[in-house]
4 protein chains.
Amino acid sequence: MTATSAPSRRIPVGVLGATGAVGQTFIRLLADHPWFEVAAVAASERSAGKRYRDAAHWLSGEMPARVADLMVTACDPASVDTQIVFSALDSDAAQEVEAAFARAGKLVLSNARNYRMDADVPLLIPEVNPDHLGLLPIQRAARKWSGAIVTNSNCSTMVIALALAPLHEAFGVEQLFVTTLQALSGAGYPGVPSLDILGNIIPFIGGGEEEKIESEPLKILGVFEHGAVTPARMRVSAQVNRVAVEHGHTACMSVKLATAATPDAAMQALRSWKGAIAALGLPSAPAEPVMVTMERDRPQPRRDVNAGGGMSVVVGRVRTDPILDLRLVAMGHNTIRGAAGASILNAELMFARGLIAV
Amino acid sequence: MTATSAPSRRIPVGVLGATGAVGQTFIRLLADHPWFEVAAVAASERSAGKRYRDAAHWLSGEMPARVADLMVTACDPASVDTQIVFSALDSDAAQEVEAAFARAGKLVLSNARNYRMDADVPLLIPEVNPDHLGLLPIQRAARKWSGAIVTNSNCSTMVIALALAPLHEAFGVEQLFVTTLQALSGAGYPGVPSLDILGNIIPFIGGGEEEKIESEPLKILGVFEHGAVTPARMRVSAQVNRVAVEHGHTACMSVKLATAATPDAAMQALRSWKGAIAALGLPSAPAEPVMVTMERDRPQPRRDVNAGGGMSVVVGRVRTDPILDLRLVAMGHNTIRGAAGASILNAELMFARGLIAV
Amino acid sequence: MTATSAPSRRIPVGVLGATGAVGQTFIRLLADHPWFEVAAVAASERSAGKRYRDAAHWLSGEMPARVADLMVTACDPASVDTQIVFSALDSDAAQEVEAAFARAGKLVLSNARNYRMDADVPLLIPEVNPDHLGLLPIQRAARKWSGAIVTNSNCSTMVIALALAPLHEAFGVEQLFVTTLQALSGAGYPGVPSLDILGNIIPFIGGGEEEKIESEPLKILGVFEHGAVTPARMRVSAQVNRVAVEHGHTACMSVKLATAATPDAAMQALRSWKGAIAALGLPSAPAEPVMVTMERDRPQPRRDVNAGGGMSVVVGRVRTDPILDLRLVAMGHNTIRGAAGASILNAELMFARGLIAV
Amino acid sequence: MTATSAPSRRIPVGVLGATGAVGQTFIRLLADHPWFEVAAVAASERSAGKRYRDAAHWLSGEMPARVADLMVTACDPASVDTQIVFSALDSDAAQEVEAAFARAGKLVLSNARNYRMDADVPLLIPEVNPDHLGLLPIQRAARKWSGAIVTNSNCSTMVIALALAPLHEAFGVEQLFVTTLQALSGAGYPGVPSLDILGNIIPFIGGGEEEKIESEPLKILGVFEHGAVTPARMRVSAQVNRVAVEHGHTACMSVKLATAATPDAAMQALRSWKGAIAALGLPSAPAEPVMVTMERDRPQPRRDVNAGGGMSVVVGRVRTDPILDLRLVAMGHNTIRGAAGASILNAELMFARGLIAV
């Protein structure tokens with residue numbers, strides 16, 4: 001495996017749901033991307049026909065000038081003439097729209113939950129399960145699509161799965177109790193009313209958040225063979241909370257291992273783990289997908305959320321669990337590593353694997 | 001058991017550590033107490049000799065006028081001439097000072113952690129283990145004290161133990177995984193710097209917070225017989241977090257029971273539980289020590305923290321746990337139910353039991 | 001002037017816009033009102049026909065049981081059969097709906113901005129300008145209404161006008177520079193998205209907030225004679241900000257007086273001012289409409305907002321202004337004194353004046 | 001005036017008070033500075049003798065590796081062998097320590113208030129009053145120092161003075177009413193307790209904050225001639241508030257001009273103003289010292305504080321004032337533009353002027 005050569009010129013990409021919070025994160029992350037360039041922005045009927053600058057209530061920093069001038073189109077394949085589309089669509093819209101794009105021959109990199117758990121759809125984390133891309137021929141055959149859908153996980157799942165992967169590879173993870181403290185940006189914009197969260201926490205997140213965390217890691221850490229993913233044998237119990245943090249989901253985890261491990265051994269496994277794609281030189285891949293902190297009161301979202309450009313998960317407080325084997329705290333950027341950045345990294349892997357025509 | 005008759009006149013009490021955050025909560029809660037009246041306020045050398053109004057940086061509401069005029073004394077038994085003293089001392093000071101008061105014949109109602117786990121000291125929650133007061137004769141004999149020390153638990157333990165007690169009585173609790181989201185007032189004043197917590201969470205609390213939560217509930221739910229408390233056979237794994245909430249500690253709990261129970265049965269057990277002292281009519285005892293909410297996104301600290309005057313623990317989201325038996329969220333007021341209010345309720349129970357001379 | 005006799009039985013009242021944030025404040029404040037009792041709740045089409053408990057996303061504390069069972073009606077006079085209606089309607093709806101109620105013979109106590117500056121409509125603060133009720137016969141004659149509309153001011157204006165009134169009476173106010181720091185509840189619910197305000201301030205509030213503050217105080221402090229209100233001769237410059245505070249609008253004020261006054265003289269004027277209705281014994285009238293604090297860092301919204309049950313304005317930091325005469329900081333509860341409580345106090349004054357049939 | 005040539009090798013500098021909040025900002029900003037390099041870190045007795053990594057409670061991001069290994073020295077000239085020292089000392093320590101360094105031949109770039117208003121000490125903003133460096137020979141002669149002290153202003157003053165400078169140059173500023181909303185980092189670390197500011201604002205800042213804002217701009221905008229600075233003829237009335245914002249002081253300003261100007265003319269003056277040193281190419285000088293936003297709800301600290309790398313002041317809401325001439329809102333980064341970055345820019349100007357030996 002060697003470093004990937006950049007495309008001879010930047011590949012045009014589209015963003016579906018481009019005006020929302022995750023859509024804007026796509027726009028920001030792609031603004032200076034060495035391989036991709038935003039050529040199409042699509043959103044709801046309400047926005048279609050406006051310039052992007054007028055359609056989006058821009059949330060953070062400067063809007064990239066090139067994109068600001070683009071005309072927003074409707075979310076249909078006829079209006080978006082790029083081979084690659086990043087989807088920041090809500091699950092309400094994603095089911096039909098993403099299928100329409102795949103049917104029309106597009107590669108859809110999706111953040112929505114709709115197709116994640118379908119047997120023929122990769123739930124991809126490049127560092128963890130790049131071989132799950134082997135599902136694509138099966139997906140295409142089964143659905144008669146010339147394009148395809150590749151999904152990334154729920155934003156909390158991403159933090160949890162990246163923290164688990166090194167431990168699972170080294171020791172086998174059998175049980176996980178996890179409580180999350182999730183950032184406001186995970187709810188999109190306008191999202192959580194300030195009167196609900198100022199000086200408060202809310203011990204609930206809608207949309208099946210706990211169920212996603214309890215099911216997605218099993219598929220992600222599953223084994224691909226004979227044309228299918230066999231889920232990891234692991235049980236997960238999740239409790240979720242919304243907290244008054246801008247970006248960064250925190251997960252307090254208690255883990256039962258197949259092979260016992262000391263905290264030192266666990267930290268060693270976490271620290272030395274580089275993931276399956278380190279040699280590929282993907283532009284969005286962080287040097288350390290998992291960083292380990294020895295500070296007794298870290299990771300903290302406001303202070304650590306931008307580790308690795310927002311693409312690293314920071315793990316701390318690795319210690320013995322009085323009932324199971326290990327306790328630890330993991331934290332990662334929910335709209336970068338947990339959403340837009342994850343989709344982009346997925347597309348980079350597909351390019352490196354020759355799955356994107358240039 | 002019948003309702004307790006009020007004392008013929010209000011019993012004078014002292015407050016140790018009266019100028020700090022918990023000390024102020026004592027002053028506030030005792031301001032209109034039907035049985036007790038603050039007659040002495042003691043604090044560090046720095047404050048001694050000043051009027052209370054000048055010594056305390058008052059944090060909330062109006063300072064009660066009577067107390068404002070009291071002269072602050074040093075924390076020694078010679079300066080505090082009341083039989084009952086409520087101690088809001090830090091653990092640094094509590095070890096020696098509380099012993100000195102007990103030796104001098106005082107009844108010390110302590111918030112500090114120092115004596116909680118001593119075999120001859122009650123770790124008392126009136127609704128849960130009033131019979132643990134049976135340790136007092138043993139304590140007096142062993143230590144040759146004419147007074148005594150009675151402790152209340154750590155503020156998070158209080159929330160957790162009250163939520164567990166009905167379940168333990170009905171079904172037996174064998175394991176608990178708990179992650180807390182704890183309020184700022186739990187750290188006292190000045191406590192947590194705003195630059196550390198604004199838009200942030202801190203996954204750590206010093207002073208052995210997790211160890212307290214893992215040990216104290218076993219003693220609280222233990223059985224008193226033959227002059228000793230046999231701890232409950234239960235294992236606890238705790239992870240703690242500080243969050244930007246003023247008052248109210250939240251605990252996300254996963255519970256393994258000896259006898260399986262449905263969420264409905266658990267809610268029924270929680271709802272119907274009135275505790276061991278309902279008939280005594282203690283002034284600070286809430287009508288419902290444990291309240292159950294059916295709202296899917298409650299309890300929330302800012303909205304529910306004053307339930308039962310801050311003396312009720314609110315439990316919600318009772319549901320099946322995918323690995324163990326039950327999941328639930330409990331929340332209670334950390335400086336009222338979890339500190340000053342708990343001590344006062346302990347003193348009320350002692351009065352009702354005739355353990356306070358009038 | 002003597003204390004008002006309570007009505008022989010509680011007078012039924014209606015609340016328009018009863019499900020919103022201000023509407024809920026009406027419901028809460030009226031729950032234990034000695035003179036009034038909520039008999040009708042009206043809201044938008046979407047809510048009409050539901051029980052109040054199902055129609056309102058209740059924001060704070062317990063919903064009063066009586067009201068919870070009421071059926072929500074549409075906002076038309078035929079559906080609301082009470083003589084008195086409190087209006088928490090948005091300005092979009094208020095124009096037509098409030099007129100329809102007045103035309104149908106109802107007394108409308110309005111929070112909306114629509115009619116406030118109309119020459120024949122009282123912009124009433126009972127302590128300040130009770131004689132402005134003299135506009136009612138003129139209003140009825142001009143509009144051929146059997147009912148009437150009485151308005152209370154913008155929530156920031158209320159804080160400012162109450163702080164100015166004693167100074168205006170004593171020394172004459174000629175100029176005011178005021179910068180406000182306004183609470184989130186002033187924007188209603190869902191109101192300000194948390195992603196906009198967490199760790200932030202917004203130096204803008206829509207709906208003509210600054211213009212209201214620059215015009216309403218002149219009418220409030222104006223003189224009623226010969227059937228009309230002559231506005232005070234005063235100029236106001238206002239700048240407004242939204243801050244991450246739940247309740248309590250703060251106003252930093254620089255004041256030019258007609259007759260120079262020292263800070264001590266100003267504080268004396270503020271402290272001794274009891275307003276025009278002190279003798280009437282109105283249930284919602286605070287003992288001190290304006291309270292003066294000597295603490296150098298007060299008033300603070302979180303600590304002082306409930307002064308006088310939320311009906312007092314707290315003034316502090318009264319000091320010399322280097323350019324004009326005086327500087328001071330005023331703070332008051334925006335949804336109680338600045339909205340629902342103000343309307344209720346207005347109704348109480350009307351009852352005391354015999355303007356409400358019983 | 002032409003762009004400045006970089007020194008042939010990086011000039012070693014020292015930081016006094018290097019472990020505090022402003023000291024850390026110096027360390028961060030100097031980590032990659034093209035001209036300067038941190039060679040000495042000095043702090044209180046308590047820290048002296050420790051490695052910097054062990055002495056500083058590091059607040060944000062990664063500690064620069066080079067500095068982490070430096071040994072902290074005491075704050076005396078014998079221990080700090082660099083010609084240039086940046087002082088982040090508190091005013092308690094600054095009076096004597098800064099004088100000792102100047103006496104010992106060092107150039108002291110000071111953040112402290114102590115010497116700012118001394119007649120022979122420049123209160124320097126390079127874009128505004130670079131000629132005030134002409135005070136240095138006078139200072140040296142008067143005090144018999146071989147070194148010198150150059151100060152930068154109070155952090156709020158900096159925001160206000162930069163917003164005023166273009167208006168003063170174009171139209172003459174005669175009066176200013178200003179209310180500030182100041183960030184937590186302005187109070188240092190640990191600074192403001194979270195229990196004081198969560199969901200709150202505090203209408204007071206100690207240390208003479210209002211007095212500084214009322215006096216410093218007059219000196220900054222004053223004219224240097226005949227060896228002295230004649231203060232601008234201008235009167236300022238300031239009211240300050242602490243708000244729950246991490247970085248970024250906001251100033252709501254009402255301005256009286258000598259020559260009337262429309263908002264458009266004012267914005268044109270602000271926008272076109274590049275300051276006195278644009279041609280020098282100083283590394284820390286922002287392309288636009290003053291940026292003008294047309295968004296109706298900007299500037300906002302969380303969204304705009306890093307404009308120009310934290311060195312630009314953002315001005316918005318430029319509009320007519322109903323009493324004076326103009327109203328506007330200015331916002332800037334209090335620990336970068338308002339403190340450490342200001343000192344560094346001052347040193348850069350001195351290097352460009354040949355005032356630093358290499």
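Within each chain, residue numbers correspond to sequence positions counted from 1 in written order. Here the convention is simple: chains get letters from A, ligands get numbers from 1, in the order in which they are written. Selection of residues for local features in this predicted model requires a pLDDT of at least 70, selection of side-chain atom pairs for listing and counting requires 80 or more, and totals for whole chains, interfaces and linings are taken over all residues.

Right, let's talk about the overall build of chain A for a bit. Within chain A one finds 11 helices and 14 strands. Atoms counted for the radius of gyration: C-alpha only. Globule rule: 2.2 Å times residue count to the power 0.38. Taken over C-alpha atoms, the radius of gyration comes to 19 Å for chain A, in line with the 21 Å a tight globule of 358 residues would show. In terms of principal-axis extent, the alpha carbons of chain A reach across some 60 × 50 × 30 Å. Any residue with 12 or fewer other C-beta atoms within 10 Å of its own C-beta is exposed, any with 20 or more is buried, and the rest are partly exposed; the C-beta atoms used are placed from the backbone. By the burial criterion, 62% of the 358 residues in chain A qualify as buried. The numbering of helices and of strands both runs from the N terminus, where a helix is a DSSP run of H or I of at least 4 residues and a strand a run of E of at least 2.

Here two copies of a chain appear, and what relates them is a rotation about an axis with a shift along it. Here the copies are superposed with least squares, the fitted atoms being C-alpha atoms of residues at a pLDDT of at least 70 in both. When chain B is fitted to chain A, the best match, at an RMSD of 0.0 Å, comes from turning it 180° and sliding it 0.0 Å along the axis. Expressed as an axis order, the relation between the two copies is that of a two-fold axis. It is Thr179 of chain B whose C-alpha, among those of chain B, lies nearest the rotation axis, at 3.3 Å. Of the interface residues in chain B, 100% have counterparts in chain A that sit at the interface too, so the contact is made through matching surfaces. Working definition of a contact: two residues with C-beta atoms, positioned from the backbone, lying within 7 Å.

Contacts between the two partners involve 34 residues from chain B and, on the opposite side, 34 residues from chain A. Of all the elements in the fold, those that place two or more residues in the side of chain B that touches chain A are β7 (173-182), β10 (235-242), β11 (249-257), α10 (301-304) and β14 (326-332) of chain B. The biggest single contributor to the side of chain B that touches chain A is β10 of chain B, with 5 residues. Looking at the side of chain B that touches chain A residue by residue, the classes come out as 15 nonpolar, 10 polar and 9 charged. When residues are grouped by polarity, Ala, Val, Leu, Ile, Met, Phe, Trp, Tyr, Cys and Pro land in nonpolar, Asp, Glu, Lys and Arg in charged, and all others, Gly among them, in polar.

All names here are of chain A. Domain start and end points were adopted from an automatic or database domain assignment. The domain architecture assigned to chain A consists of domain 1 (11-154 + 340-352) and domain 2 (155-333). Taken residue by residue, the interface counts 31 residues in domain 1 and 31 residues in domain 2. Broken down by element, the side of domain 1 that touches domain 2 gets its largest block of residues, 7 residues, from helix α11 (residues 336-352). Split by residue class, the side of domain 1 that touches domain 2 holds 17 nonpolar, 9 polar and 5 charged.

With that settled, consider the interface of chain B and chain C. Quoted interface sizes are often the accessible area lost when the parts come together. Contact with chain B, which involves 4 residues of that partner, is made by 4 residues of chain C. Looking at the side of chain B that touches chain C, its residues break down into 1 nonpolar, 2 polar and 1 charged.

All names here are of chain D. Note on geometry: axes are C-alpha line fits, over the in-contact stretch for helices, and angles between N-to-C directions span 0 to 180 degrees. Viewed as axis vectors pointing N to C, helix α6 (residues 155-171) and helix α9 (residues 263-272) meet at an angle of 115°, and their least axial separation amounts to 9 Å. Between α6 and α9 lies a crossing of right-handed hand. Where α6 abuts α9, its residues Pro166, Leu167 and Ala170 lie against Ala266, Ala269 and Leu270. Each crossing gets its hand from how the near helix is turned against the far one by less than a right angle, where anticlockwise is left-handed and clockwise is right-handed.

pLDDT expresses how confident the predictor is about each individual residue, on a scale running from 0 to 100. Within chain A, residue pLDDT values average 96, and 100% of them lie at 70 or more. We note a pTM of 0.96 for the whole complex and an ipTM of 0.96 for its interfaces.

In this section: the relation of the copies chain B and chain C. Structural alignment of chain B on chain C gives an RMSD of 0.0 Å, achieved by rotating through 180° and translating 0.0 Å along the axis. The overlap is high: 100% of the interface residues of chain B also sit at the interface in chain C, so the same surface is used on both sides.

Here the focus is the pairing of strand β13 (residues 313-320) of chain A. Residues and elements named next belong to chain A. Counting buried positions over the 8 residues of β13 gives 6, a clear majority of the element. Of the strand pairs in this sheet, strand β12 (residues 290-292) and β13 are connected by 3 bridges, and their pairing is parallel. The residue of β13 that forms the bridge with Met291 is Val314. Think of it this way: DSSP has to see at least two bridges between two strands before they count as a pair.

Attention now moves to the sheet that holds strand β2 (residues 36-43) of chain B. Residue and element names in this part refer to chain B. Pairing within the open sheet is parallel, and its 6 strands lie in the order β3-β2-β1-β4-β5-β6. Whereas interior strands pair on both sides, the edge strands pair on one side only; in this sheet they are β3 (72-74) and β6 (148-151). The average undirected angle you get between the axes of adjacent strands in this sheet is 30°. The pairing of strand β1 (residues 11-16) with β2 spans 6 bridges and is classified as parallel. Within β2, the residue paired with Val15 across the bridge is Val41. Its contacts with the sheet place helix α4 (residues 91-103) against β1, β4 (84-87), β5 (107-110) and β6, and it is angled at close to 150° to β5. Across the face of the sheet, helix α11 (residues 336-352) comes into contact with β2, β4, β5 and β6 while running at roughly 145° to β5.

Moving on, we get to unusual backbone geometry. For the peptide bond that leads from Tyr189 of chain B to Pro190 of chain B, omega is 5°, which places it in the cis range. The topology assignment puts Pro190 of chain B in the loop between β7 and α7 (194-197). Pro299 of chain B follows Arg298 of chain B through a cis peptide bond whose omega is 5°. As for its position among the elements, Pro299 of chain B is in the loop between β12 (290-292) and α10. Positive phi, close to 50°, is recorded for Arg317 of chain A, a residue that is not glycine. Along the chain, Arg317 of chain A turns up in strand β13.

Before going further, it helps to examine α11 of chain B. Residue and element names in this part refer to chain B. Every helix has an expected span of 1.5 Å times one less than the residues it contains. Taking 1.5 Å per residue as the helical rise, α11 with its 17 residues ought to reach 24 Å, whereas the 21 Å between its terminal C-alpha atoms falls clearly short. Across the chain, bend at a residue is computed as the angle between axes fitted to the seven residues ending at that point and the seven starting from it. Its axis deflected by about 50° at Ala342, α11 carries its strongest bend there. Of all the 17 residues making up α11, 17 are buried; the element is thus mostly covered by neighbouring parts of the structure.

All names here are of chain A. Strand order in the open sheet formed by 6 strands is β3-β2-β1-β4-β5-β6, with parallel pairing between adjacent strands. A single partner strand is all that each edge strand has here, and the edge strands are β3 (72-74) and β6 (148-151). Strand-to-strand twist across the sheet, computed as the mean angle between neighbouring axes with direction ignored, equals 30°. As paired strands, strand β2 (residues 36-43) and β3 are joined by 3 bridges and run parallel to one another. The residue bridging Ala42 from the neighbouring strand is Thr73, located in β3.

To continue, consider the pairing of strand β7 (residues 173-182) of chain C. Residues and elements named next belong to chain C. Across the 10 residues of β7, 8 count as buried, placing the element largely inside the fold. Relative to strand β10 (residues 235-242), β7 is paired through 8 bridges, and the arrangement is parallel. For Thr180, the partnering residue across the bridge sits in β10 and is Val240.

All names here are of chain A. Here helix α5 (residues 135-143) has its buried residues at Leu135, Leu136 and Gln139. Down the axis, α5 shows its buried residues gathered within 100° of arc, on one side only. Every exposed residue of α5 that faces more than 90 degrees away from the buried side is listed here: Pro137 and Ala141. Elements in contact with the buried residues of α5: β6. Positioned one or two residues after α5, Lys144 has a phi angle of 55°, which is positive. Working note: the arc is built from the helix axis to C-beta atom directions.

With that settled, consider the environment of Leu257 of chain D. Residue and element names in this part refer to chain D. For Leu257, the location among the structural elements is in strand β11 (residues 249-257). On the basis of neighbour count, Leu257 is assigned to the buried category, with 20 C-beta atoms found within 10 Å. Among all residues touching Leu257, those that are not within four sequence positions of it are Leu167, Phe171, Gly172, Val173, Glu174, Asp325 and Leu326.

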